[in-house]
Amino acid sequence: CPTRVQPASPCHIMAAQPPPFPGSKKDEHFRNMKFVVVTGGSVSGLGKGTAISSMGVVLKAHGLRCTAVKIDPYLNLDAGTMSPFEHGEVYVLDDGAEVDLDLGNYERLLDVTLTAEHSVTSGKIFETVIQQERKGSYLGKTVQMVPHVTDAIQFWLESVAVQPVDSQSGCPDICLVELGGTVGDIESAVYLEALQQMRFQLGPENMVLVHLGLVPTMGSTGEQKTKPMQHSVRILREAGLQPDFLFCRCETPVEQGVRKKISMFCQVPEDRVFSLHDVSNIYRVPLLLDGQDIAQAVCQKLQLSHKCVRIPHRTLSAEHPSPQSVADWKVLADRVDDVSQEVIIGIVGKYTGLQDSYMSVIKALKHACIECGLHLVLEWIESSDLEPNMRTVDGAKYEASWRKLKSVHGILVPGGFGDRGIEGKVLAAKYARESNTPYLGICIGLQIAVIEFARHVVGWDLANSAEFDDITPNPVVIFMPEVNATVKGGTMRLGSRVTIIKSNQCLAYKLYGSQGQVIYERHRHRYEVNPAVVASLESKGLRFTGQDERGSRMEIAELPDHPFYIGVQFHPEFKSRPARPSPPFLGLVLASAGILQTRLEHDRGVLRVGSGYETD
C-alpha cells in the first residue's frame with residue numbers, strides 16, 4: 001500500500017499527478033477495495049457532502065477505516081481561480097491543493113488528511129488523457145470518451161482509494177466517492193458511464209451506490225411527494241446504475257406509506273430507504289443514520305460484516321479530543337443544543353452575501369464555541385459599508401453597520417483578495433485596537449492590522465499594501481518575490497508551512513504552546529509583510545511573534561498590551577476539527593466571552609485544546 005503523501009514544498013503546486021496509465025495491470029489492493037458512491041438528484045444543494053461524511057462517521061464508529069474522493073465535473077483543474085460568490089470558499093489541503101469545500105467536510109468529520117488526488121475534476125481527467133495521447137500511449141487509437149476517458153476516471157479512483165489518509169499504515173477499508181452536481185447533468189454523463197463500468201468489473205459486493213433524492217412536503221396538508229425521487233432514480237437507471245440505498249432528503253421523517261411507495265417504484269428494498277430529515281444540528285446526522293442501522297446494511301452489502309464492530313464510548317478530553325464512537329458524536333450534538341450563553345462574533349468581510357464563502361471560518365468558530373460551552377451568534381458586516389463614502393451613498397446602511405460592529409464581543413477579519421472593502425477592514429481593525437475588543441485577523445486580516453498600525457500608530461498616513469496601491473511611499477505589505485505575477489492558478493504560497501514562535505511569553509505561545517514552538521498551518525497568499533518595515537513597527541509596540549524557518553517571513557503579529565489582538569498569515573480554520581478547535585479561534589471565543597485568562601489559569605498557562613470537555 002502506498003505511503004501517505006507528504007506536503008509539497010515548492011511555492012508552485014502542480015495539478016495532481018495522473019494515476020496509473022489506463023490499461024496497466026490492477027494489483028491486489030485494487031481488487032480488494034470497497035467503494036461507496038453517492039449521487040444526487042432533482043436539485044443541487046441537498047447535502048451530499050454532509051450525507052457521505054456522516055455515513056463515513058458511522059462506518060468509522062464501527063471500526064472501519066474510510067477515505068473520501070470528490071468528483072467535480074467542471075473543466076477547471078481545481079477550485080483555486082473560482083469566485084467565492086459562485087462556488088463558495090476555496091479549501092486548501094496540506095499539500096497545497098485548492099479544492100472544493102466538500103473536502104473540508106470530509107476532513108473535519110472523518111478526521112483525515114486528504115491530498116490533491118482526492119479531488120477529481122474534468123480538467124484533471126482530460127489533461128491526463130491528452131498528455132497520454134501526446135506521448136503516444138494509446139498506440140495510434142482514436143481517443144474517445146469511451147473507453148479512454150472512462151478508463152482514466154476508473155484508474156484515478158482506484159489508485160487514490162488505496163492511499164492511507166489517517167495516522168495508520170495500510171489501506172483504508174472503504175472509499176467514499178461523491179459525484180458532484182445532479183444526475184442528468186451533461187457534464188456528469190461520462191462519470192456515470194465510468195461508474196457503471198467500474199461496478200460491473202468490481203462486482204456488486206465491492207461497490208455500493210447510494211442516491212440522495214428530494215422528498216418535498218407540499219401544501220397545507222403536509223403531504224410528502226415521491227415524484228422528484230422517482231424521476232432522479234429513473235435518470236440514474238437510464239445511465240445503467242441501479243441504486244442500492246436511497247437517502248430521502250425531507251423536512252420530517254419519511255412516512256411508512258411513502259417509504260413503501262418509493263421502494264416499489266424505485267425497486268429498492270424498503271429497509272434500504274433511509275430518512276434524512278431535518279435535525280437541530282449537523283452532528284445529529286450521523287446519529288440519524290446510525291439509528292437506521294446504515295453501517296450494518298452497508299457492511300452486509302460489501303461483505304464486511306466481520307469488521308463491523310461498534311467502538312465503545314470514550315470521554316472527550318485534551319488527551320482524547322477526537323470523537324470515535326457514535327456516543328461521542330451524541331455528546332457534541334447535545335452540547336450544541338443545550339448551550340444558552342451567547343458570544344457574538346462580528347465577521348468583517350467582502351463576501352458576506354454568501355456564507356459558504358467563509359464555510360471553514362464558520363465551522364472553526366462553532367468548534368471553539370462547542371468546546372467552550374457557548375452559543376455562537378454571528379454578525380455579518382460588509383466591510384465596504386463601514387467606509388466613509390457609504391455615509392453619503394446610504395447613510396442608514398452605514399450607521400447600521402457601525403452599530404453592529406460596536407455591539408459584538410469579538411471581531412474577525414477573514415481572508416480575501418482585491419481592494420474592495422479594504423478601508424472598511426482597516427477601520428474595523430482600528431476600532432478593535434482602540435476599544436480593546438478581541439481581534440483575530442486571518443491572512444489579509446493580518447496585513448490589515450499591519451496597515452492600520454502603520455498609519456495610526458507609526459504615523460505613515462499613506463501606508464498600504466502593494467496589492468491595493470502599487471505606488472504607496474510606505475509599502476508595508478509587498479508581493480512575494482518567488483510568486484508568479486501573471487499566472488493565477490496554483491501559483492500562490494500554498495499548503496502546510498512551518499511557523500516558529502519566537503518566545504514562550506507571547507500570546508501565540510499561550511494559544512499554541514501545547515504543540516511547542518514549532519507549528520504547521522496551511523497557507524494561501526501572494527503578499528507578505530515587508531521585512532524592511534518590521535523594525536519600525538516593532539519599535540512602536542507591534543510584535544511579530546511568529547516567523548518562518550528562515551526568520552524572514554512574518555507569520556504572526558500581536559499587540560502585547562491588548563487583551564486579545566492577533567493576526568496570522570496562515571489559515572488556521574482549515575485544520576479545525578469538531579472536538580479539536582483551532583487554537584486562534586478558541587482563543588478569540590474565550591477572550592470574547594471574557595474567560596480567556598480563567599481558562600489559561602485552569603490550563604496552567606497554555607491552552608489545552610479539548611480541556612473544555614473535561615468539565616462535563
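Located above this text is the structure these notes cover.
Residues numbered from 1 in each chain as written. Predicted model: local features only at pLDDT ≥ 70, side-chain atom pairs only at ≥ 80, totals over all residues. Heavy atoms only, no water.

(A) Summary view of the pattern of salt bridges. Enumeration according to the criterion identifies 33 salt bridges in this entry. The salt bridge involving Glu-528 is made with Arg-553; its shortest N-O contact spans 2.7 Å. Placement of Glu-528 in strand β20 (residues 527-529) and of Arg-553 in the loop between β21 (543-547) and β22 (554-558) is noted, with a sequence separation of 25 residues between them. In this pair, the class of Glu-528 matches that of Arg-553, namely buried. Ionic pairing is found between Glu-614 and Arg-608, a salt bridge with its closest N-O pair at 3.2 Å. (Salt bridge = Lys/Arg side-chain N within 4 Å of Asp/Glu carboxyl O. Helix = DSSP H or I, 4+ residues; strand = E, 2+ residues; numbered from the N terminus. Buried < 20%, exposed > 50% of the residue type's maximum accessible area, 1.4 Å probe, protein only.)

(B) Looking closely at the pairing of strand β12 (residues 342-349). In terms of burial, β12 is largely enclosed, as seven of its eight residues are buried. Relative to strand β13 (residues 375-382), β12 is paired through eight bridges, and the arrangement is parallel. Note on β13: the bridge partner recorded for Val-348 is Ile-381. In the classification by handedness, the crossover that spans β12, the intervening helix α13 (residues 359-372) and the parallel β13 is right-handed. (Pairing = 2+ DSSP bridges. Right-handed = clockwise from strand over helix to strand, strands pointing away.)

(C) Spatial organisation of the nonpolar core. By size, the foremost hydrophobic cluster in this structure holds 57 residues, and its most contacted members are Val-36, Met-55, Leu-59, Ile-174, Leu-176 and Phe-247. Take this core: its biggest share by element is six residues, from helix α2 (residues 48-60). Discounting residues that sit within four places of it in the chain, Leu-59 has contacts with Leu-64, Cys-66, Ile-174, Leu-176, Ala-295, Val-298 and Cys-299. Membership of the second largest hydrophobic core comes to 43 residues, among which are Leu-374, Ile-442, Ala-591 and Leu-596. (Core = buried A, V, L, I, M, F, W, Y, C linked by side-chain atoms within 4.5 Å. Contact = heavy atoms within 4.5 Å.)

(D) Just the sheet that holds strand β16 (residues 464-465), in detail. Taken in spatial order, the three strands make up an open sheet running β16-β17-β20, and their pairing is mixed. With one partner strand each, in any of the chains shown, β16 and β20 form the two edges of the open sheet. The pairing of strand β17 (residues 475-479) with β20 spans three bridges and is antiparallel. Bridge pairing in β20 links Val-477 to Val-529. Strands β16, β17 and β20 of the sheet are contacted by helix α17 (residues 444-458), whose axis makes an angle of about 150 degrees with β17. (Axes fitted to C-alpha atoms, helices over the stretch in contact; angles between N-to-C directions.)

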